[in-house]
Each structure stands twice: as structure tokens, then as C-alpha cells.
Amino acid sequence: MSRKEFRDLAPPERARETIDSLDLGGGVERVPLREARGRVLAERVDAGIDVPGFDRASMDGYAVRARDTFGADEADTAVLDLVGAVHAGAEPDVVVEEGTAAEISTGAVMPEGADAVVMVERTDETDAGVEIRTSLAPGDHVMFAGADVAAGERALGPGTRLTPREIGLLSALGVSEVPVRDRPRVGIVSTGDELVRPGGELQSEQGQIYDVNSYTIATAVEDAGGEAELYPHVGDDYEEMGRVMVEAAEECDLVLSSGSTSASAVDVIYRVIEERGELLLHGVAVKPGKPMLIGTLEESAYVGLPGYPVSALTIFRTFVAPAVRRAAGLPEPRTATVEARMADRERYEGGRKRLMPVGLVESGPSPDVGEADGDEAGTDKPVTLAYPVDKGSGATTSLVEADGIVEVDADTAYLDAGEPVSVRLFSPDVRPPTVFGVGEDDPALSALLDRVEHPRYLGIGSRQGLRRLGRGTPDFAVVTGSIDRDVEAVDLGGWTREWGLVVPEGNPDGVEGLADLVERDLRFVNRTTDSGLRTTLSNALASVAEERGSTRHKLVESIDGFDLAVRAHESPARKVVAGRADAGLGLRTTAERLGLGFVSLGEERVSVLGNPDRIEKGGMERLREAIDEWSFEDETLPGYRR
């Protein structure tokens, strides 16, 4: 029998390219949520409901009308009549009218008429009623429906690996089944007459050894996101080797063998591949692991690993595991702890050790970064920045948007921008997003981000987005409305969207425009002050006021609910659907998707502004390409155009 000689060893780069060219599967299946841990989402999941699904009290106290407490303090209290109590898990059976209050528990549904909660510590119950020792504003100590995650909001994107944190968010949304990437099925075959499976009887005097590779490589396959299938051990018999290998190829996306790949006269597995498939590569210029095989077998991918366990595992981790992870949709792993620098100054006066959730973003050095110890300033070396991610203890999305924890000592007053921190990752495979953005929430943006690998976006509104862009934290910000843009940025493009008033189906109140909100007794729901859409509304009201010879402030005072602000683009429409409002500030696309009426008030520009120091990042380049390639004719987004 002739020997196989290694004459021209392939460089490692060619081995990687050859493995990358193999088809390892990568389809889609739907699995129950209980079985989804560790899997990778194949499609975007949008919130189908508001979380919470109702306006709820965020502390024990009394539900009141905020206007009834205006001017109240320790010296001049407000006294309200107690009309009942509302407990968590029960539907309110009281109505809070002028001059009244209802006792309320944390998590309970806000009763009709109430728009704020005064904490019990700032009250006293007397014979005259409830004595209030503080002033409140509408929304104080109230968690509005959708404040955690709002219906229609992008909850999780494709490519997200489902850990207990994401499972918690999906559970909160009522999702019972999710579309995930198929795990590539990997058949594992160990060869060699000397091998005995663990648990078998070992004849050491005959030179037998236990088969280490089968279980080791199977575990590594599963760790990389694949589904391992062990096949019977075969010796160095050519016919039996071929039979088992073909069986594995017919049932799996990838076949891995170990042993029989070197230049020995009995190492003949390459002959099986040449006869029943295609041998693409034999021998790589690496140590250990020179006699690696790469090819196809019965239309399945094939890789032959060396027989020595250390070599086999090294070659698998270096060359094969990345391909398995890609087929399963998993990111490359990284160490469990990352050294980073604070992206911005963070104050802390809690007096206790703080476990601060942070997100990570890759950045070029800035004047602040590196000056703390002078080791990186003035270089082109990328710097990992950590930024706090904290939406409150009741928000499940805080953990989803964070990558790890920074422990802050109790006596630390602040962490300065550029200060080194150690980030303990939630899992070893966490990595920073390829691109990180903040700003206005927008339905078109959610679809756009699906075209970018591993993005992260925080919908914090146009004002906050610009503020953070000015501090250099994100890669890009999305803004809309005529907000002051005195921030150095690169315009990456954008689109326009039609905005107006979302009303019940058929517009039963005959709403025609802003004048109806001012002149009629209509309940209105606004967006938060950080929203660019609210700024657009305010500017439109200013124009109406000018035409009437009045002021915007006077018009706002006459609109019932103008100060009732909710966070996301779909939230006002959801109030209309629930019958809690006659009109809400929103978009045509939202109204049509929910089957509601719409009163158009115009169009506004949505702009994507890039951090000038991050334009060369790969994720930013892909984002710019996605914007340039965008075609609204391909999307169900009425009211949008280039």
C-alpha cells in the first residue's frame, strides 16, 4: 500500500478559506420558548404588547390628580378625601376625581382620573382625609404602559443568542415559540484499531487506548453551537471506514473524523474521500495539526482531524469551530472579563457597592481616552468603551442591552470619562456590537438594522441621542424634527415620515387637525420631551398660535393630556386602541398597521448622523451601505419616502 506524502502544505489562510467555502447548513426552525436557551434568533421579534400592559404605581402610596397637589409642601399641605383602595392584581373599582385620593399598592393598576402617585412617606391620614406634604407632576411614580418595552418596538433582532435574560424578555411579551437558526448537525467518527470507547474493556498490553476524541470533539461541537452525533468507532478497515463515513454524510451537515489522516501506510481515510467525494486540501502548515483533511463526502462537508487529542482539539477550535458558530449564527467567543474605559463621566452617590450594567462599544481614542495614564493617547489602537445601561430595576431590557457588570465601590463618588474599568461579562461569548446607535425610535430604522450584523440601538429620543453623540459615546444617532443640531457629525442619509394624529377607526369624533385638540374636549396622548416627534408637534402648535395671535403655552394648556407623555412611537396609538384617548401623536404607518384612523399633519425628516471619529468602522460602513440600498417600495411602511 502506498503512502500519502505531504509535499506542498497549504497555508493556514487557505485552510480557513476552504472550510468557509463548505456548506454547513443554516436553516430555520421554530422551537418552544422553554427549549430556546442558547439558540440564535433567525428573525426580528417585535413587541406585540406593552410591558407593562397598563399604567401602574411604582410605589406604595396614594393615587391622585397631580394638579390637586400643586403648591403643597411640609408647611402648607394639601388634604384630599380618601375614596378607596387599589391593590396589585385587582381591577380598580374607584375613580379619582377632583379633591380625592385612593390608596394604592406597588404594581397596582392606576385608577381612572389619577395621573400621579404620592409615596406614603410624604403623607398622613387624618380625620379630614389624606394630608399631602409634597407637590407632584403628572406621571410622578407611575410606570406607564409600554415604559419597559412598548408594543411595536423592536424587542430582539436576528442573530441574538437567547440567554436567560432574553428568555425573560420574551416571556414578558407572551411569546411561546421563536424562530431560530438550525444547529448544524455534525457526525463524529473516530478511527484506529488501537481505540476503545470509554467504559469498554481496555487491553493495554495490546497497545489499546481509550478514545478521547469522540467525546472531546462532540463537546466542542456543542459548545460551538452544533448538534453532535456520535457514530460507531471504526478501525483501519477501508470498507468499514467507508460505510460508516457515508452513513454519517447522509445524515449530517458536516462529518468530522479523527485519526487516519497522516502519512502512515494504514492511514487511508483520504482514499475514502477521494473515491466517494472530493478532497480539497490535505496538509496544513501548522503545528500541531499538519495532516488535516478538508473536502466533501456525499454532498456533505468533511474535515479530517489529527488523531492526537491535543492536535485534534486545537485544529477544531482554530479552524472548524468558527465555521460551526457561523452556521449556528453564534458570535466568536471572548474572555469572560474585558478591560475597558468609561465612555462618559458617571456619578454615584448610593453609599453601597454598585453592580453597574454596562454596554460595550469599540471606539478610536479620543482626547479623554488615554490621558488617565498616558498609555494609549495619540495612537490608532481601538479602545473598548463601557457606557452605563440602566432603565430601572423593573426593566428587563436593561439586561438585554448590557454586556456585563462593573463593580463600583461604595466610597466611589464618580467614574470619570476615560477611567479604566474591568467589565465582568454576562457570558464569555459576549462581544461589542458592530455598530452602536441611539436616538429616535422609528419603524423604518428597525427594518434597516436587520440588514446590519449585530447592531445595538437604544431608542432614547432625538434630544438624548444628540446629547450622547456630542459626548462621543455612540457610533451614530437618529434624530428627527427641527432640533438644534449644534453637534459635529457626518450626515449618513435619511428619509421622511408622515406624522399626525392617530384616532379611532372611522374617526368618530371628526378630528380634522390641531384646532380640534385646542377647542374641543378630546383626550390626547403625547410623546416624551426627548422625542423629536414631540418637537415637531410643538413647532406646529406655535404656528397655530401665531395665526391666532396667541402663544403656544396657552394652546398647550387647553389640550387635555398634552403632558401625558409616553415613550415609543406606537404607545399613543395603543392608548387610542384601548379607549384611553381620543387622539394620540403618531405616524401614518402605525395607524394603518393597527387599523386606526389618521389625520395627517405633515412630514418630518429622519436623519442618521454619524460620529466623525467612527466613520471607518466596519459596522458604520455597512450601515451607510444599508441606508444607500434602502428601497421603501420593498417595505410595508405607508407614509415613508426617501
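Residues numbered from 1 in each chain as written. Predicted model: local features only at pLDDT ≥ 70, side-chain atom pairs only at ≥ 80, totals over all residues. Heavy atoms only, no water.

Regarding the sheet that holds strand S17 (residues 254–258)
Alright, step 1. Taken in spatial order, the six strands line up as S16-S13-S17-S20-S19-S18 in an open sheet, and their pairing is mixed. Both outer strands of the open sheet, strand S16 (227–230) and strand S18 (277–282), are each paired with one neighbouring strand and no more. Between one strand and the next, the sheet's axes are offset by a mean angle of 20°, whatever the strand orientation.
Alright, step 2. Taken together, the five bridges between S17 and strand S20 (residues 300–305) define a ladder with parallel strand orientation. Of the residues in S20, the one forming a bridge with Val255 is Tyr302. (Pairing = 2+ DSSP bridges. Helix = DSSP H or I, 4+ residues; strand = E, 2+ residues; numbered from the N terminus. Axes fitted to C-alpha atoms, helices over the stretch in contact; angles between N-to-C directions.)

Description of the packing of aromatic side chains
Alright, step 1. Counted according to the given criterion, the structure contains three aromatic pairs.
Alright, step 2. Considering the side-chain rings of Tyr387 and Phe436, the 4.4 Å spacing of their centres and the 10° angle between planes classify their relative orientation as stacked. Here Tyr387 is found in strand S24 (residues 383–388), whereas its partner Phe436 is found in strand S28 (residues 435–439), with 49 residues between them in sequence. Across the pair, Phe436 and Tyr387 agree in class, each one buried. (Phe/Tyr/Trp six-rings, centres within 6.5 Å; stacked < 30°, edge-to-face > 60°. Buried < 20%, exposed > 50% of the residue type's maximum accessible area, 1.4 Å probe, protein only.)

Comments concerning the side chain of Thr18
Alright, step 1. Examined against the element boundaries, Thr18 turns out to sit in helix H1 (residues 12–20).
Alright, step 2. Thr18 gets classed as buried once you look at its relative accessible area, which sits at 11%.
Alright, step 3. The contact partners of Thr18, leaving out residues within four places of it in the chain, are Leu280, Leu281 and Ile294. (Contact = heavy atoms within 4.5 Å.)

Examining the environment of Tyr308
Alright, step 1. Looking at the element boundaries, Tyr308 is found in the loop between S20 and helix H6 (309–328).
Alright, step 2. It is 64 Å that separates the C-alpha atoms of Tyr308 and Arg588, two residues lying 280 residues apart in sequence.

Digging into the sheet that holds strand S6 (residues 100–104)
Alright, step 1. With mixed pairing, the six strands of this open sheet are ordered in space as S7-S4-S6-S5-S9-S8. Edge strands, defined here as strands with exactly one partner in the open sheet, are strand S7 (116–119) and strand S8 (123–126). Each adjacent strand pair in this sheet contributes to an overall mean axis angle of 40°, direction not counted.
Alright, step 2. Examined bridge by bridge, S8 and strand S9 (residues 129–132) share four bridges and lie antiparallel to one another.

Some details on the environment of Gly295
Alright, step 1. Tracing the chain through its elements places Gly295 in strand S19 (residues 293–297).
Alright, step 2. Distance in space between the C-alpha atoms of Gly295 and Glu166 is 38 Å, their sequence separation being 129 residues.
Alright, step 3. Setting aside its immediate chain neighbours within four residues, Gly295 contacts Leu22, Glu278, Leu279, Leu280, Ser300, Ala301 and Tyr302.

Overview of the nonpolar core
Alright, step 1. With 44 residues, the main nonpolar core has Phe476, Phe524 and Leu623 as its most contacted residues.
Alright, step 2. Among the nonpolar cores identified, the runner-up in size contains 32 residues, and Ala10, Leu22, Val186 and Val324 belong to it. (Core = buried A, V, L, I, M, F, W, Y, C linked by side-chain atoms within 4.5 Å.)

A short note on the pairing of S19
Alright, step 1. Buried residues dominate S19, accounting for four of its five residues.
Alright, step 2. Pairing analysis gives five bridges linking S18 to S19, with the strands arranged antiparallel. Bridge pairing in S19 places Leu279 opposite Gly295.
Alright, step 3. Bridge analysis of S19 against S20 gives five bridges, and the strand direction is antiparallel. Among the inter-strand pairings, Leu293 is bridged to a residue of S20, identified as Gly304.
Alright, step 4. In textbook terms, the turn of a hairpin is the stretch between consecutive antiparallel strands, and for S19 and S20 this stretch comprises two residues, one of which, Glu298, has a positive phi near 50°.

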